[in-house]
Amino acid sequence: MTMQSPIWRMPVTAADRVLLEIQRAIVEGDIPAGSKISEPELARRFDLSRAPLREALARLERCHLIERIPNAGARVVTLSKEGLISLYQLREELEGLACRLAAEQMTDAEIAEVRALLDQHLSTQRVREGESYYQEAGDLDFHYRIILGSKNPYLINILCDELYFLVRMYRVQLGMNGPRVSRAFDEHKAIIHAIANRDGELADLLMRRHIGASRRNIELQLTGNQA
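Residues numbered from 1 in each chain as written. Predicted model: local features only at pLDDT ≥ 70, side-chain atom pairs only at ≥ 80, totals over all residues. Heavy atoms only, no water.

Per an unreviewed UniProt entry, the recorded name for the protein chain is GntR family transcriptional regulator, and the organism is Alkalimonas mucilaginosa.

Caption draft 1: Structural view of the packing of helix H6 (residues 142–149) against helix H7 (residues 153–162). Where H6 meets H7, the closest approach of the two axes is 9 Å, and the angle between their N-to-C directions is 165°. Looking at the two axes, H6 sits roughly antiparallel to H7. Helix-helix and strand crossings are classified by hand; for H6 and H7 the assignment is left-handed. Along the contact surface, H6 presents Tyr144, Ile147 and Leu148, while H7 presents Leu155, Ile156, Leu159 and Cys160. When the residues that make up the contact of H6 with H7 are grouped by side-chain class, the tally is seven nonpolar, no polar and no charged. (Axes fitted to C-alpha atoms, helices over the stretch in contact; angles between N-to-C directions. Helix = DSSP H or I, 4+ residues; strand = E, 2+ residues; numbered from the N terminus. Parallel < 35°, antiparallel > 145°, perpendicular 65-115°, else oblique. Left-handed = near helix turned anticlockwise from the far one by under 90°. Contact = heavy atoms within 4.5 Å. Nonpolar A, V, L, I, M, F, W, Y, C, P; charged D, E, K, R; others polar.)

Caption draft 2: Highlighting the nonpolar core. Grouped together as the largest cluster of nonpolar side chains are 64 residues, with contacts concentrated most on Ile22, Ile146, Tyr170 and Ile195. The residues contacting tyrosine 170, other than those within four sequence positions of it, are Thr78, Leu79, Ser80, Gly83, Leu84, Leu87, Tyr88, Gly175, Ile218 and Leu222. (Core = buried A, V, L, I, M, F, W, Y, C linked by side-chain atoms within 4.5 Å. Buried < 20%, exposed > 50% of the residue type's maximum accessible area, 1.4 Å probe, protein only.)

Caption draft 3: Focus on the environment of cysteine 63. Note that cysteine 63 resides in the loop between helix H3 (50–62) and strand S1 (66–69). When the C-alpha atoms of cysteine 63 and aspartate 161 are compared, they prove to be 7.1 Å apart, with 98 residues separating the residues in sequence. Excluding its chain neighbours within four sequence positions, the residues that come into contact with cysteine 63 are Gln23, Asp161, Glu162 and Leu166.

Caption draft 4: Local environment of unusual backbone geometry. The residue lysine 151 is not glycine, and still its phi comes out positive at about 60°. Mapped onto the fold, lysine 151 is located in the loop between H6 and H7. The phi angle at arginine 198 is positive, at roughly 60°, despite the residue not being glycine. Residue position: arginine 198 is located in the loop between helix H9 (181–196) and helix H10 (200–226). You can call arginine 198 partly exposed: its relative accessible area is 36%.

Caption draft 5: Expanded view of the environment of glutamate 187. Within the secondary structure layout, glutamate 187 lies in helix H9. On the basis of relative accessibility, which here comes to 23%, the residue glutamate 187 falls in the partly exposed class. Of the polar contacts made by the side chain of glutamate 187, one reaches the side chain of histidine 210; its length is 2.6 Å. (Polar contact = N/O pair within 3.5 Å; in protein donor to acceptor, adjacent residues only side chain to side chain.)

This is the structure we're talking about:
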């Protein structure tokens, strides 16, 4: 059975529910990057009292989706070249490690599930046409499945809880469409092939190159948007 991260438990409290809703809204840009957080407005929008809303906002801050600025209140994080580089440097190191561990730890059945997931991506999206490669969060996300496959709880906590939605914010808003999507899909196939062959060193190298190429693609889009 695929290992599950705690972040994907079913919401129990009102704060859990609104956390997931605001996460999705920020990641997909419905609540724009850099925008000021208005607690009364969010309370009305999500039909929530102030106490659970504040709990949800504190958890969003721990996920790096919002930041508190002295004398200015809370804002959604801004997508920047500097932030991208820092985040993706960390991704290269940690997801490369996840691949090495996954090559040792994933069962043949788990590897087959990831291959089936990639087949599903290919059949349901316009990947080969180079138009879009949108991956839903959690178990439908290739990277998420590889990280879980590492079976390392500390690594999973960092990549699937603490940093996951900030990474998705960059990926969803700037990295899941355009000419690179076909190459990204082929890189995913090569990574899982290396893991299936129990070649952790190669899987590590391929993941590092894959994330580096994604960073450069997003960096170009950020530069174009800011021009």
